[in-house]
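Residue-level structural notes
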Amino acid sequence: MQQPPLDGVADAGLDALPEGVDLAGYGEGPREECGVFGIYAPGEDVARLTYFGLYALQHRGQEAAGIAVSDGRRIVVHKDTGLVNQVFTDTGLAALEGDLAVGHCRYSTTGGSTWVNAQPQYRETPAGGGLALGHNGNLVNTAELARELDEPPSNDSEVMAGLLARDADVSLEEAILRTAPRLTGAFSVVVMDENRLYAFRDANGVRPLQIGRLPAGGWVVASETAGLQIVGAVYVRDVAPGELVCIDDHGLTSRRFAPPTPNFCLFEWVYLARPDHRQDGGSVLFARRQMGRVLAQEAPVDADIVIPVPEAGRDAAAGYAAEAGLPFADGLVKNRYVGRTFIQPSQSLRQLGIRLKLSPVQEVVEGKRLVVVDDSIVRGNTSRQLIQMLRSAGAAEVHLRITSPPIKNPCYYGIDMATRAELIGADLTVDEIRDFVGADSLHFISLDGLISSTPHQKKSLCRACFDGEYPIPVPGEHEHLAQFKFDFDTV
Ligand code: SF4
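Residues numbered from 1 in each chain as written. Predicted model: local features only at pLDDT ≥ 70, side-chain atom pairs only at ≥ 80, totals over all residues. Heavy atoms only, no water.

What follows covers the packing of helix 5 (residues 156-167) against helix 6 (residues 172-179). The N-to-C vectors of helix 5 and helix 6 enclose an angle of 125°; their axes lie 8 Å apart at closest approach. Classified by the angle their axes make, helix 5 and helix 6 are oblique. The handedness of the crossing between helix 5 and helix 6 comes out as right-handed. Facing Leu-163, Leu-164 and Asp-167 of helix 5, the residues of helix 6 in contact are Leu-172, Ala-175, Ile-176, Arg-178 and Thr-179. The residue makeup of the contact of helix 5 with helix 6, split by class, is 5 nonpolar, 1 polar and 2 charged. (Axes fitted to C-alpha atoms, helices over the stretch in contact; angles between N-to-C directions. Helix = DSSP H or I, 4+ residues; strand = E, 2+ residues; numbered from the N terminus. Parallel < 35°, antiparallel > 145°, perpendicular 65-115°, else oblique. Left-handed = near helix turned anticlockwise from the far one by under 90°. Contact = heavy atoms within 4.5 Å. Nonpolar A, V, L, I, M, F, W, Y, C, P; charged D, E, K, R; others polar.)

A contiguous nonpolar patch, built from Phe-52, Tyr-55 and Ile-230 and spanning about 270 Å² of accessible area, is present on the exposed surface. Using a relative accessible area of 43% as the deciding quantity, one classes Tyr-55 as partly exposed. (Patch = residues over 30% accessible without salt bridge, like charges linked within 9 Å, V, L, I, M, F, W, Y side chains within 5 Å. Areas by Shrake-Rupley, 256 points an atom, 1.4 Å probe, with all protein chains shown as cover. Salt bridge = Lys/Arg side-chain N within 4 Å of Asp/Glu carboxyl O. Buried < 20%, exposed > 50% of the residue type's maximum accessible area, 1.4 Å probe, protein only.)

Turning our attention to the pattern of salt bridges. Taken as a whole and judged by the stated rule, the model has 27 salt bridges. For the salt bridge of Glu-268 with Arg-60, the shortest nitrogen-to-oxygen distance reads 2.9 Å. Placement of the pair is Glu-268 in helix 8 (residues 266-272) and Arg-60 in the loop between helix 1 (46-56) and strand 2 (64-70), with a sequence separation of 208 residues. Arg-60 carries the same exposure label as Glu-268, and that label is buried. Between Asp-330 and Arg-314 there is a salt bridge whose closest N-O contact spans 3.0 Å.

Quick look at the side chain of Arg-201 now. Counting through the fold element by element, Arg-201 comes out in strand 8 (residues 197-201). Buried charged residue Arg-201 carries no salt bridge. Nearest counter-charge: Asp-238, at 4.1 Å. A polar side-chain atom of Arg-201 sits 2.7 Å from the main-chain carbonyl oxygen of Val-239. (Lys, Arg positive; Asp, Glu negative; His and termini not counted. Polar contact = N/O pair within 3.5 Å; in protein donor to acceptor, adjacent residues only side chain to side chain.)

Here the focus is the site of the ligand. The ligand sits among Val-206, Arg-207, Cys-265, Leu-266, Phe-267, Cys-411, Tyr-413, Ile-415, Met-417, Cys-462, Ala-464 and Cys-465. Tallied by class, the residues present in the shell around the ligand amount to 11 nonpolar, no polar and 1 charged. (Near = heavy atom within 4 Å.)

Disulfide: a covalent bond connecting the sulfur atoms of a pair of cysteines. This model, assessed by the stated rule, comprises 0 disulfides. In this structure Cys-105 is not part of a disulfide, and its nearest cysteine sulfur, from Cys-34, lies 7.1 Å away. (Disulfide = S-S within 2.5 Å.)

Turning next to the nonpolar core. Counting 47 residues, the largest nonpolar core has Phe-267, Val-306, Tyr-320, Val-373, Ile-407, Tyr-413 and Phe-466 as the members making the most contacts within it. Of the domains in this structure, domain 1 (34-262) and domain 2 (281-480) are the two that each give at least three residues to this core. Beyond its immediate stretch of four places on either side in the chain, Ile-407 contacts Phe-267, Ser-376, Ile-377, Val-378, Met-417, Leu-423, Gly-425, Ala-426, Cys-465 and Phe-466. Grouped together as the second largest cluster of nonpolar side chains are 29 residues, Val-159, Met-160, Leu-183 and Tyr-198 included. (Core = buried A, V, L, I, M, F, W, Y, C linked by side-chain atoms within 4.5 Å. Domains from an automatic or database assignment.)

Glancing now at the pairing of strand 21 (residues 397-402). Of all 6 residues in strand 21, 5 are buried, a share of seventy percent or more. Taken together, the 6 bridges between strand 20 (residues 369-374) and strand 21 define a ladder with parallel strand orientation. Its bridge partner lying in strand 21, Asp-374 is registered against Ile-402. In the sheet, strand 21 pairs with strand 22 (residues 441-444) via 4 bridges, with the strands oriented parallel. The residue bridging Arg-401 from the neighbouring strand is His-443, located in strand 22. (Pairing = 2+ DSSP bridges.)

Moving on: the environment of Ala-101. Here Ala-101 lies in strand 4 (residues 100-106). Sequence-wise, Ala-101 and Ser-70 are 31 residues apart; in three dimensions their C-alpha atoms are separated by 6.3 Å. Not counting residues within four places of it along the chain, the set of residues in contact with Ala-101 comprises Phe-37, Gly-38, Ile-39, Val-46, Thr-50, Ile-67, Ala-68, Val-69, Met-192 and Leu-197.

The structure is reproduced here in structure tokens:
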């Protein structure tokens, strides 16, 4: 392992990075996984409400989107690659008539970004009907389950849809109760047949899933509170870990397919969920403010202003500023209209990296000692480039404060972070990371400090990417532990 030379990097132009550092990963932090939405509301425009729901969940997946609608006789699916507003037109939505629907926006944790992999996945069942399924999470026993299917699936959601369709000879409900206990990993799922909407969540409840009620009496299920609010639904409760809910003409019924063993994703609180998401009596916005306060207590610094790295760092930066008694300012402006789809196609565009997404506000940062608050450091490249930009804009000092502990391990439960070899926190000390990113000082929130900012106790949280304790065994994972060293050639 050879650390690239740092001398002069801080003052150099962005193109003067050390040789051997591949810029392809610039701007690539952890990637959201998927958003799911389901609605049972006869008499309502369920396709359009699902569209709005997906719109509110767009941050969870920007590669593909789809909606399946049933009018009680047949299921029609429209899906494609792209953002929600690229996949659907007014005319297309008007053609999707029915009483119930499921929707999905996708980021691919397994399988490529193709039309086939877009969801909802549709399958015909032996009983002569069909099912449509949207999944958020990731299974770790996909290969084992896939052997039971005649046609080789290309991702875990296809496996799930294939198994449910195969077993839905009596009813989809019975197929779920038979299949769900055999799925290992993280899964928050909405699935429907022609007449019923189902939602189920793995026993660990890794990914969120919430139930809401529409004013006229219909039901909504969504990954986050924002998906309920945007269609005017009132939050009722979360789908419990290990629970299957069925919604039809008779209302909502609940059955259990596994005893609950909660291990909610801690990273949802740091980065993934929108700030207006509420879970288990807690607010993500308040939790992030508290993370900032904790950071200010753990790592105070003599500085002039606190600035966030938008958007996930915003509430924490406000918390830091309040606790430290420092002014809060927007020192970085985010271009909201640059999505992954724009950055992906060409290497030259990717190399523009974070400059496409963020710009420093010279009037704010020039001559100032900055506290910069961000949510995480994955490969280190984004932070490094960001700090160079701030110094080029005249920042006198840059003190980086991070609302998650160092990410040392990959996530196998639906978040695409990086491989262990790409994770800068897996092998380097905090001082080494500080030197790599070029900050004057660097502090990661302690794990205890982070947990205390959420409404959960340590025992009911998955923290594996930080402490390596995987709550759901991952086949082969222990063989990979400690095998990798952070390799600057791979970042
Ligand atoms: S490993 Fe990290 S990102 Fe993945 S579920 Fe656990 S806490 Fe969340």
